[in-house]
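Structural features, examined
This is what each chain is made of:
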2 protein chains.
Amino acid sequence: MSRPLRLGIAGLGTVGAGVVRIVQRHAALLSARIGREVTIRAVSARSQDKDRGLRIGDYDWVEDPVALAIRDDIDVFVELIGGAEGVARAAVEAAIRAGKDVVTANKALLATHGQALAEAAEAEGVCLRFEAAVAGGIPVIKVLTEGLAGNEINRVMGVMNGTCNFILTRMQDAGLDYRTVFAEAEALGFLEADPTLDVGGIDAGHKLAILAAIAFGTRVDFGAMEIEGIERITIEDIQQAADMGYRIKLLGVAQKTGRGLETRTSPCLVPMDSALGQLENATNMVVLEGDAVGQIALRGAGAGEGPTASAVMSDIVDIGRGIRVPTFGKPAVELTHARAANASSPASYYLRMALEDRPGALAKIAAVLGDSGISIDRMRQYGHTDPTAPVLIVTHKATKTALDQAIAAMASTGVLASEPVAIRIEET
Amino acid sequence: MSRPLRLGIAGLGTVGAGVVRIVQRHAALLSARIGREVTIRAVSARSQDKDRGLRIGDYDWVEDPVALAIRDDIDVFVELIGGAEGVARAAVEAAIRAGKDVVTANKALLATHGQALAEAAEAEGVCLRFEAAVAGGIPVIKVLTEGLAGNEINRVMGVMNGTCNFILTRMQDAGLDYRTVFAEAEALGFLEADPTLDVGGIDAGHKLAILAAIAFGTRVDFGAMEIEGIERITIEDIQQAADMGYRIKLLGVAQKTGRGLETRTSPCLVPMDSALGQLENATNMVVLEGDAVGQIALRGAGAGEGPTASAVMSDIVDIGRGIRVPTFGKPAVELTHARAANASSPASYYLRMALEDRPGALAKIAAVLGDSGISIDRMRQYGHTDPTAPVLIVTHKATKTALDQAIAAMASTGVLASEPVAIRIEET
């Protein structure tokens, strides 16, 4: 048996504590699987005294994560601090320079500095691994980078922020409005310190940017992504979408189009009987489409101590086994700059609006859509007691440009009693 | 860039042709991902002249797969012949002895001789890889062996024979009986030459035996598995199960119990709104449960040229990248003999029977169940025109022993008009 694989772990929050627990609990299992022992040499965290329900006295305590990262007696630096800048970034950079393999769960860091870090790691001949950065316990990085390596990938899609999915399914199930459920999620501790990261779609966007780089062999380009969060989703939309057979999900979608690489994170309608439509609470799902394999769907917990620590451990086991794959599936210097698609691909849209209740109102709206080249798949006008009539329209496939034009033209008909809400319907 | 990875491919049926097509179509993509070129040096198949829609003139043609397997100019022997014995086995054994890495899609070979082959491969220091042997394009071997390597696995479960799932969903959707749909499947070419491999549950059993070895660190033990096929499933059961909120699926389940390792492949009821319950047609799904990760579900095509070739290619790419993991996740000589559980774990059961239509009949059946310690969750007696009354019972959890005793005792009540049908309800 080879000499032990020695870890230095920075960050002992939920995930870090979970990793320590697995190393302690499964020492024999890990040794048998890796062919060498896994040991923790040193740890670093904000507070040495906090009760984590863990025995950490056997490990050296290091105040400075950067000092931990470069210690001579560690082989792998495990970064579980978080954040795209600051000490997390400094420690990862230092570890790479010191020739250490790095395992991180830090999606913001990868989405922001992934290219530079991957180039640095590959120049030093070390691994930079980040299974836990995307979709928690679901081993989607491995599936995409290795399991589907014989495929040209056409589309990557998924629900990758459990908090948003919790909020949307809770609104749906309880008939509650966004503000109420947001407050519930906050009280349950489901939200990041800056909740915009979750509900603004940024966290899901970080994850999609990482997946897109691997899928398409392109440089991580978080800046090129269209991002919209769930803040404007109303209980009315959730209920009306359900009435038409749909659920609203915060979907990340990356796909190749004739106009370039389309990457967007936004609320979308999906059929309620589809696997994505049925995804409840904080569960994540990633759908991968390859030219040979067709569609593969992966479902699991997207967050939490156990699932995230499971993903971190799979990276550690890979390093222990000597598995070395380029950070994003091919050498970082060969990753191309993707041309960003200048508009999203055509789609069906859900349109909700209120019309003045007078003869010809609906006809005017239908005419505007027709003039913009948008044909109507289904339309419903609901009974009402107030002086405006709620109308729902599901269009056939249309471009976003045509849709925006139609919505602008609707304003000048004089029959709109509210700004129309438009939500993309994604094909699953 | 290193020297090319040279393949010898034996078997140019659907899967073999698919692998050749990917190597030809994606030469540049594969080189970029592996860091070296993939080339096919030699092929072998039954007929050299068959039109496969492929250019194979550039490859040496070898009549004897065993001769192909040991050629000096190949690095990887790709066995796509099939069958647990005969030339497939001989060629794989020869390749291992000759120091070649081996990739195979042969579940029967692995389920029957996996232990000996793994020991031989590990003694020679070569890889034996078989992603395509289980669940087609779903990279479940990789997910289980590597992606969840930090977990103690508690249960592996899945629908892993597409033909059976096609037959069951077609019966359900069209209201057709088993014989009719079996004939349809045969006409569509969905069945193996020996259809018992499919409908008898043997193919699904082979796959489960392989997964169980990886999941639990035990020797492949196909002989210890309880296997029951779908031949006895009637359209009545499918419809009545639906009426109670269930679908019937051919499920493979492997789990640790206090009484040993339980491995079985059998028709089971699952909730119709569960992911397994909603699995349609030939699609496969594997559910993996680990102590840290919780439940992970993987869905995709379980067969067909593209998906299976995708899995074969992922093994080839891994070998090209230098990824070397023990065949079943830990050294073969360390795999333990599992103690087979002597009975399946307690479960709820679905019971369908016809009773003589006379006072007290139902009471007698209920009394028998009560005497056997089995409590009733739900019971329905249906309206009827013939002189017997159809009755459905869903029990609370009971052991198979208690259930068998109850069914035996029902016979002596004199009120049964038909042999009761009992089907396990699996928790998803």
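Residues numbered from 1 in each chain as written. Chains lettered and ligands numbered in written order. Predicted model: local features only at pLDDT ≥ 70, side-chain atom pairs only at ≥ 80, totals over all residues.

In this assembly, 46 residues from chain B lie in contact with 46 residues from chain A. Looking at the side of chain B that touches chain A, the elements with two or more residues in it are α2 (27-34), α6 (140-147), β12 (294-301) and α12 (305-321) of chain B. Considering each element in turn, the side of chain B that touches chain A owes the most residues, 9 residues, to α12(B). Class assignment for the residues of the side of chain B that touches chain A results in 21 nonpolar, 15 polar and 10 charged. (Contact = placed C-beta atoms within 7 Å. Helix = DSSP H or I, 4+ residues; strand = E, 2+ residues; numbered from the N terminus. Nonpolar A, V, L, I, M, F, W, Y, C, P; charged D, E, K, R; others polar.)

Residue and element names in this part refer to chain B. Residues of helix α13 (residues 361-371) that are buried include every one of Ala361, Ile365, Val368 and Leu369, and no others. Seen from one end, α13 has its buried residues packed into an arc of 100°, which puts them on one side. Facing away from the buried surface of α13 by more than 90 degrees, the exposed residues are Ala363, Gly370 and Asp371. Packed against the buried residues of α13 are β13 (348-356), β14 (376-381), β15 (388-395) and α14 (400-411). (Buried ≥ 20, exposed ≤ 12 C-beta atoms within 10 Å, placed from the backbone. Arc of directions from axis to C-beta.)

Moving on, we get to the confidence of the model for chain A. Taken as a whole, chain A shows an average pLDDT of 96; of its residues, 100% reach a score of 70 or greater. Two numbers describe this predicted complex: its pTM, 0.96, and its ipTM, 0.96. (pLDDT = per-residue confidence, 0-100.)

In many reports, interface size means the accessible area that the parts give up when they come together. All names here are of chain A. Entries for chain A in the domain assignment read domain 1 (5-104), domain 2 (140-302 + 329-334) and domain 3 (348-425). Taking only C-alpha atoms, the centre of domain 2 and the centre of domain 3 are 27 Å apart. Elements with a contribution of two residues or more to the side of domain 2 that touches domain 3: α11 (235-243), β9 (246-257) and β10 (260-271). The element best represented in the side of domain 2 that touches domain 3 is β10, accounting for 4 residues. When the residues that make up the side of domain 2 that touches domain 3 are grouped by side-chain class, the tally is 7 nonpolar, 2 polar and 1 charged. (Domains from an automatic or database assignment.)

The next subject is helix α2 (residues 27-34) of chain A. All names here are of chain A. For α2, the set of buried residues is Leu30, Arg33 and Ile34. The buried residues of α2 occupy one face: seen down the axis, they fall within an arc of 85°. Against the buried residues of α2 lie β1 (5-10), β2 (38-44) and α12 (305-320). In the segment just after α2, Gly35 is the residue with positive phi, at about 85°.

Residues and elements named next belong to chain B. Where α6 meets helix α10 (residues 202-216), the closest approach of the two axes is 9 Å, and the angle between their N-to-C directions is 15°. In terms of axis orientation, α6 runs roughly parallel to α10. For the pair α6 and α10, the sense of crossing is left-handed. Along the contact surface, α6 presents Val140, Ile141, Leu144 and Thr145, while α10 presents Leu211, Ile214 and Ala215. When the residues that make up the contact of α6 with α10 are grouped by side-chain class, the tally is 6 nonpolar, 1 polar and no charged. (Axes fitted to C-alpha atoms, helices over the stretch in contact; angles between N-to-C directions. Parallel < 35°, antiparallel > 145°, perpendicular 65-115°, else oblique. Left-handed = near helix turned anticlockwise from the far one by under 90°.)

All names here are of chain A. At a minimum axis distance of 9 Å, the contact between helix α7 (residues 162-174) and helix α8 (residues 178-187) shows a crossing angle of 130°. Classified by the angle between their axes, α7 and α8 sit oblique to one another. Relative to α8, the crossing made by α7 is right-handed. The segment α7 lies against α8, with Thr163, Phe166, Ile167, Arg170 and Met171 engaging Tyr178, Val181, Phe182, Glu184 and Ala185. Counted by class, the contact of α7 with α8 contains 7 nonpolar, 1 polar and 2 charged residues.

All right, on to the environment of A:Leu68 then. Residue and element names in this part refer to chain A. Tracing the chain through its elements places Leu68 in helix α3 (residues 65-69). Through-space distance from the C-alpha of Leu68 to that of Gly8 is 6.5 Å; in sequence the pair is 60 residues apart. If sequence neighbours within four positions are ignored, Leu68 has contacts with Gly8, Ala10, Ala42, Ser44 and Val62.

What follows is about the sheet that holds strand β6 (residues 128-129) of chain A. All names here are of chain A. Strand order in this open sheet of 6 strands is β3-β2-β1-β4-β5-β6, and the pairing throughout is parallel. Pairing within the sheet leaves two strands with one partner each, and these edge strands are β3 (60-61) and β6. Packed on one face of the sheet, helix α4 (residues 86-97) meets β1, β4 (76-79) and β5 (101-104) and runs near 170° to β4. (Pairing = 2+ DSSP bridges.)

Moving on to the relation of the copies chain B and chain A. For these two chain copies, the linking operation is a rotation about an axis paired with a shift along it. At an RMSD of 0.0 Å, chain B and chain A line up after a rotation of 180° and a shift of 0.0 Å along the axis. Look at the turn and shift together and you get a two-fold axis relating the two. When the interface residues of chain B are mapped onto chain A, 100% of them are again interface residues, pointing to one common binding face. (Least-squares fit on C-alpha atoms with pLDDT ≥ 70 in both.)

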